[in-house]
Amino acid sequence: GAGVSQSPSNKVTEKGKDVELRCDPISGHTALYWYRQSLGQGLEFLIYFQGNSAPDKSGLPSDRFSAERTGGSVSTLTIQRTQQEDSAVYLCASSLEAGLAYMGYGYTFGSGTRLTVV
Amino acid sequence: DQQVKQNSPSLSVQEGRISILNCDYTNSMFDYFLWYKKYPAEGPTFLISISSIKDKNEDGRFTVFLNKSAKHLSLHIVPSQPGDSAVYFCAARASGYALNFGKGTSLLVTP
């Protein structure tokens, strides 16, 4: 597609329920990243995928969070047993390859999924 | 701990004047710095970057300055236009592929 697509754009869920957030990166982009932005905060790194390599999960805040990337394309971020502190905008980004993300290219971000846990 | 700090949550500038957005960092291992611009209900958009081996990078109306000794960078927008009104995020990379972001500065350019 033309850009990074995320769905749903908004999600309201009850505390304790599981949620799945989807990211469809730009075709041909091998690197995919998940970030989240809580209210009044900067973007916080969650996880990174590069091709078929093992993902960098160093930013996941707890074992309730997991992500997978099937076929090197679409990614799903799953939050189990959601808590109110999980409320945030979850942003997905992709880049041609990770090494180019800094040398004048940056990431391309999606519009995000606004998650509200009530 | 916040390694990238944008201490001004907001800035208002008149159209045609210079906008200067500031960013401070604490980690001397950062090797790339980037600026992103974000409109409401949209994802951040990459604006400009600079390597730690340089002190200036220019792209049209946008210039980023890096002062490594002060651990400070700034984004200059000249001349400012109403369409520049957005939230600007400073970001930096230390290692791996994660970026550290500041909390953002909301820029308002008034006619």
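Residues numbered from 1 in each chain as written. Chains lettered and ligands numbered in written order. Predicted model: local features only at pLDDT ≥ 70, side-chain atom pairs only at ≥ 80, totals over all residues. Heavy atoms only, no water.

Go over the overall build of chain A with me, naming the residues and quoting the values.
When helices and strands are tallied, chain A shows 0 helices and 10 strands. Reading chain A from its N terminus to its C terminus gives the helix and strand order β-β-β-β-β-β-β-β-β-β. Per-residue burial for chain A yields a buried fraction of 47% across its 118 residues. Within the structure as shown, chain A displays about 5500 Å² of accessible surface, and the carbon and sulfur contribution to it stands at 45%. Across chain A, the mean location of the 10 positive side-chain charges is 5 Å away from that of the 11 negative side-chain charges. (Helix = DSSP H or I, 4+ residues; strand = E, 2+ residues; numbered from the N terminus. Buried < 20%, exposed > 50% of the residue type's maximum accessible area, 1.4 Å probe, protein only. Areas by Shrake-Rupley, 256 points an atom, 1.4 Å probe, with all protein chains shown as cover. Lys, Arg positive; Asp, Glu negative; His and termini not counted. Charge placed at Lys NZ, Arg CZ, Asp CG, Glu CD.)

Can you tell me about the nonpolar core, naming the residues and giving the values?
All names here are of chain B. Phe33, Trp35, Leu73, Leu75 and Tyr88 are the most contacted members of the largest nonpolar core, which totals 23 residues. Going through the elements one at a time, β3 (19-25), β4 (32-38), β5 (45-51), β7 (62-67), β8 (72-77), β9 (86-93) and β11 (105-110) are the ones with two or more residues in this core. A total of 4 residues in this core trace back to one element, the largest contributor, which is β9. The contact partners of Leu75, leaving out residues within four places of it in the chain, are Ser19, Ile20, Leu21, Trp35, Leu47, Ile48, Phe62, Thr63 and Tyr88. (Core = buried A, V, L, I, M, F, W, Y, C linked by side-chain atoms within 4.5 Å. Contact = heavy atoms within 4.5 Å.)

Any details on the environment of Ser12 of chain B? Residues and values, ideally.
Residues and elements named next belong to chain B. With respect to the secondary-structure elements, Ser12 resides in strand β2 (residues 10-14). With 11 residues separating them along the chain, Ser12 and Cys23 place their C-alpha atoms 17 Å apart. The contact partners of Ser12, leaving out residues within four places of it in the chain, are Leu108 and Thr110.

I'd love a proper account of the pattern of salt bridges, names of residues and values included.
Per the counting criterion, the structure on display carries 6 salt bridges over all chains. Among the salt bridges present, the one from Arg36 of chain A reaches Glu44 of chain A, with a minimum N-O distance of 2.9 Å. Overall, Arg36 of chain A belongs to the buried group, its relative accessible area being 10%. Exposure remark for Glu44 of chain A: the relative accessible area of 32% places this residue in the partly exposed category. Notably, a salt bridge pairs Asp84 of chain B with Arg61 of chain B, separated by 2.8 Å at the nearest N-O pair. Within this pair, whereas Asp84 of chain B is found in the loop between β8 and β9, its partner Arg61 of chain B is found in the loop between β6 (56-59) and β7, the two being separated by 23 residues in sequence. (Salt bridge = Lys/Arg side-chain N within 4 Å of Asp/Glu carboxyl O.)

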